[in-house]
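A look at the structure
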Amino acid sequence: MDSSRKKLRLGDVLVNSGIISDKDLERGLIKQTGTGRKLGEVLVDEGFATEENIAWALSDQLHYDMVELQDVEIAEDIRSLVPVAVLKKYKVLPLGYSQDNMMLRVAMADPTDITALDDINIITNMQVEPVVATPGSVMLAIDRYYGQAEVNSALEEYTRKKESQRIEQEDIYSEDVNNSPIVQLIRSMIEQAVRQRASDIHIEPMERQVRIRYRIDGALYEKASYSIRLLPAMVARVKIIGGMDISEKRKPQDGRITQIVDRREYDIRASALPTIFGEKIVMRLASKNAFAREKGQLGLSPSDLRKFEHILHSPHGLILVTGPTGSGKSTTLYTALSGLNKEDVNIITVEDPVEANVDGVNQVQVNQKAELTFASALRSILRQDPDIIMIGEIRDKETASIAVQASITGHLVLSTLHTNSAAGSITRLVDMGIEPYLIADAAVGVIAQRLVRRLCPDCKKARKAGRDDLRLLMRSPDEDIILYEPCGCPRCEGTGFRGRIGVYEIMEVTQQLKAIINKGGSAEEIKRKALEEGMSTLRMSAAEYVLDGTTSISEMMRAAFEI
């Protein structure tokens, strides 16, 4: 190996490539001091560079190949060359022998790490030929090849131990992964779920086994199954780290867990529910900074983005975000709040629960036991001199009434409702018992939204649109249009989809709409007028994504079937 290459430091490589400036490097080195973290990790965490930027720079400057690990299949004999603990420590992965079989090709997050190169050289007794990969892709590949095997061997040992003697109760309380396979199982389950972009983990007891499923991009996929005998220990472990009552097995319980995965902190809401075969656990994963998005990242079309900005500039009034559970309402609200969060305004939220902490925003969590409900919290908030109020959800007449009154008396109020369309939100408030003239006075905008899965760009396949497709897309029957369907490849884990994007229906409440609402107009009348004024329905917005190849027609129908 070229010795001059080995001496090049990561900071110099990134400055030479123009990825960061000298000043950024200096700031990164100061942040790194005393933390024990690698420079690359600090630069990514502080937003100076991305993992992809760093990988491309290393590849370009050091003349190493760049590798996409999802496209690589690693042979069994290669996998057993280096212990998995070493792979995780250095974020490296052996891929195979070089053409002359004299060197070992190793994917590395940091090929300038001489200690890693030396250690692998000693362990394998082979010279190392580095190739570059992002740290995230290395950890995901290690999970794919070694994760389940690690867990299975630990569980076999646990089952043997259980058969020969009573398990010590401390096992499930233990923080030492080596001591307790159940601790290792739950921790690795959360890590794998995060790396696979899962939003939820389901631990489901069945008659003879425990099924583990992850919700990825809105759909559930089975990932593992274990002996039913492991269920009590798994449930107990989740209850302990979630702060629940381990002895209560007959009532539903909720808890919160915080876990750091790949240097990011995740806030996990855990729920235990008694079923006929035992307690079912669901863990909802949320990154502490997952809600911190720019408005441009939400997936709004240019015209919808202009409407969104215009609505948010209202000095007072009621803004509603509506859609079913899991449609991205919280992300939209937090994005709106981040844009409004200035030094000269007092923002107070009341949520159940607080989903993400926002600097500079006063957040209140509903607490039924302390009789702190949405309505009682709102009354107190109004005495706290707020400019902007965010209500997690309008669930009853009392909350709706205070929200409307607050918006009329000079506050900007943002909240969510569970309705199917923008127009339907107005009539829902009327159904709750709010007078139409008050709603007409208060409402400034309603945003209905859904999430559709994005087709995997690497494997989506084209086909010609048939007559039924054209009818669903509201196009003329003789148009020649190409549509795309999911296929499945290693990069999308065989699902055909990768990531999700928002579909929106934004209704600005104009003077003409206020007049219709004031007269007690139906949802249909409100919708008709909004369409005349240029509103795009969910169906129309989703159809645009089908026509430009972002999503499939089946996803469009799932997101906007009833509209």
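Residues numbered from 1 in each chain as written. Predicted model: local features only at pLDDT ≥ 70, side-chain atom pairs only at ≥ 80, totals over all residues. Heavy atoms only, no water.

Observations regarding the packing of helix α20 (residues 511–518) against helix α21 (residues 523–532)
Counted only if it meets this: Each axis is a line fitted through C-alpha atoms, taken for helices only over the stretch in contact, and angles between the N-to-C directions span 0 to 180 degrees. Runs of H or I in DSSP of at least four residues are treated as helices and runs of E of at least two as strands, each being numbered from the N terminus. Note on terminology: angles under 35 degrees are roughly parallel, angles over 145 are roughly antiparallel, angles of 65 to 115 are roughly perpendicular, and the others are oblique. The contact criterion used throughout is that any non-hydrogen atoms of two residues lie within 4.5 Å. Ten residue types, Ala, Val, Leu, Ile, Met, Phe, Trp, Tyr, Cys and Pro, are classed as nonpolar, four, Asp, Glu, Lys and Arg, as charged, and the remainder, Gly among them, as polar.
Where α20 meets α21, the closest approach of the two axes is 10 Å, and the angle between their N-to-C directions is 170 degrees. With respect to α21, the element α20 is oriented roughly antiparallel. Residues Gln512, Leu513, Ile516 and Ile517 of α20 lie in contact with α21, whose contacting residues are Glu525, Ile526, Lys529 and Ala530. Classifying every residue of the contact of α20 with α21 by side-chain character gives 5 nonpolar, 1 polar and 2 charged.

What about the environment of Ser180?
Turning to its location among the elements, Ser180 is positioned in the loop between α10 (170–173) and α11 (181–195). Expressed as a C-alpha distance, the spacing of Ser180 and Leu155, which sit 25 residues apart in the sequence, is 9.3 Å.

Considerations on the nonpolar core
Put simply, the rule is: Here the nonpolar core consists of buried residues drawn from Ala, Val, Leu, Ile, Met, Phe, Trp, Tyr and Cys, with membership extended through side-chain atoms lying within 4.5 Å. For each residue, the accessible area found with a 1.4 Å probe, counting protein chains only, is set against the maximum for its type, and the residue is called buried under 20%, exposed over 50%, and partly exposed in between.
In this structure, Val350, Ile391, Ile426, Leu429, Met507, Ile526 and Met556 are the most contacted members of the largest nonpolar core, which totals 60 residues. Sequence-distant contacts of Val350, that is, excluding residues within four places in its chain, are made with Val364, Val366, Phe374, Ala377, Leu378, Ile381, Met390, Ile391 and Gly392. Listed in part, the 35 residues of the second largest apolar core include Tyr158, Ile182, Ile216 and Leu230.

Description of the packing of helix α15 (residues 374–381) against helix α16 (residues 397–408)
The relative placement of two packed helices is expressed as an angle between their axes plus a distance between the axes. To keep it simple, the criterion reads: Crossings are sorted by hand: turned counterclockwise from the far helix by less than a right angle, the near helix makes the crossing left-handed, and turned clockwise it makes it right-handed.
Between α15 and α16, the shortest axis-to-axis distance is 8 Å and the interhelical angle comes to 20 degrees. By the angle between their directions, the pair α15 and α16 is classed as roughly parallel. In this structure, α15 meets α16 at a crossing whose hand is left-handed. Note on element contacts: α16 touches α15 through Glu398, Thr399 and Ile402, opposite Phe374, Ala375, Leu378 and Arg379.

Some thoughts on helix α22 (residues 538–547)
Judged by how many residues are buried, α22 sits mostly within the fold: 7 of 10 residues are covered. Restricting attention to buried positions, one finds in α22 the residues Leu538, Arg539, Ser541, Ala542, Ala543, Tyr545 and Val546. The secondary structure elements touched by the buried residues of α22 are α13 (302–312), β15 (443–455), α19 (467–472), β17 (482–485), β18 (497–508) and α23 (553–559). Just past α22, the residue Gly549 takes up positive phi, approximately 85 degrees.

What to know about the sheet that holds strand β9 (residues 278–287)
Counted only if it meets this: At least two bridges found by DSSP between two strands is the condition for calling them paired.
Ordered in space as β6-β5-β4-β9-β8-β7, the 6 strands form an open sheet in which the pairing is antiparallel. Pairing within the sheet leaves two strands with one partner each, and these edge strands are β6 (219–227) and β7 (253–261). On average, each strand axis in the sheet is tilted by 20 degrees relative to the strand beside it, whichever way the strands run. Sheet strands in contact with helix α12 (residues 231–241) are β4 (198–205), β5 (209–216), β6, β7, β8 (264–275) and β9, and its direction is about 45 degrees off that of β9.

Details of the sheet that holds strand β3 (residues 127–132)
Here we have 3 strands laid out as an open sheet, ordered β1-β2-β3, and mixed in their pairing. The open sheet has two edge strands with one neighbour each: β1 (92–97) and β3. Across this sheet, the average inter-strand angle for adjacent strands is 35 degrees, counted without regard to direction. Pairing analysis gives 6 bridges linking strand β2 (residues 103–108) to β3, with the strands arranged parallel. Bridge pairing in β3 links Met108 to Val132.

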